[in-house]
Amino acid sequence: MTGMRTALRALAATAAALLAVTALSPAARARPEPEAPEEFVALRSVDPTIIQEMRYTTAHTFLGERVDGYRQPVCILTRPAARALHLAQKRLLRQGYSLKVYDCYRPQRAVDHFVRWAKDLDDQSMKGEFYPRVDKDRLFEDGYIAEKSGHSRGSTVDLTLVRLPALPTRPYRPGERLAPCFAPKGERLPDNSVDMGTGYDCFDTLSHTDDPRIQGLQRANRQFLKRTLTEVGFVNLPEEWWHFTFRPEPFPDTYFDFPVHRRSVAGR
């Protein structure tokens, strides 16, 4: 009988040890995702008319795959930046145009993904579209990739203009033939935006907002976008016609890492 009690106690001790290991497993110890501060909102809750084509949730990126941290195609911004876009949109709608956003808040983990990709010189699957004239080993030196991004502070947005009524844009098909991002608009992959002279995320000096080689309607479209956003408080990055930051930024020195997901700004 004593032997039976000893065996039962040993069995109980083993079970307790197994429960303790389970409780301390990586899944159980995983920290919850970072949350967005109250100052962040979903752009759609401020202005549902702005078109959203969140590229980094798709494979149509310079990486050729969805970017880390982009769980859902939702534009998240600080409230002042979202309100300023709403004001710009109201003015544009009266003129027969709409804004279209490609990227808004960008988590730090996405920037880290960019950096890892840039260091992998063997992965050049999307070179034909996004950086046909730039050697991949120069992406850091030439400023196309960096370890920090203003997008992670929440008040920077990548966007363009669409003439209304907006035509549908077919999705990118992985593996399809790529055209250079600076090719004539009819040769590039379909995009219902106005012609800005290059596509979005084009790693080329032709993307500089005031590049003198961009003339005519393309130049006029860039200046129209820049003027409209400047009037509501945004500042353009001269190297990228699509890149604008609202000033003053609520978080000028903070780089956030909460995921791009509706839950991050639930109820806002």
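Residues numbered from 1 in each chain as written. Predicted model: local features only at pLDDT ≥ 70, side-chain atom pairs only at ≥ 80, totals over all residues. Heavy atoms only, no water.

(A) Main features of the state of the cysteines. One pass over the structure, following the stated rule, counts 2 disulfides. The disulfide partner of Cys75 is Cys104, and the S-S distance across this bridge is 2.0 Å. Since a negative S-S torsion denotes a left-handed disulfide, the Cys75-Cys104 link at about -105° is left-handed. With Cys75 in the loop between strand S2 (51-52) and strand S3 (76-78) and Cys104 in the loop between strand S4 (97-103) and helix H5 (108-119), the pair connects residues that are 29 residues apart, well separated along the chain. Each member of the pair, Cys75 together with Cys104, is buried. Two residues share a disulfide in this structure: Cys181 and Cys202, whose sulfurs sit 2.0 Å from each other. One disulfide, between Cys181 and Cys202, carries an S-S torsion of 60° and so falls in the right-handed class. Here Cys202 lies in the loop between strand S5 (156-163) and helix H7 (216-230) and Cys181 lies in the loop between S5 and H7, a separation of 21 residues in the sequence. A single burial state applies to Cys181 and to Cys202, both of which are buried. (Disulfide = S-S within 2.5 Å. Helix = DSSP H or I, 4+ residues; strand = E, 2+ residues; numbered from the N terminus. Buried < 20%, exposed > 50% of the residue type's maximum accessible area, 1.4 Å probe, protein only.)

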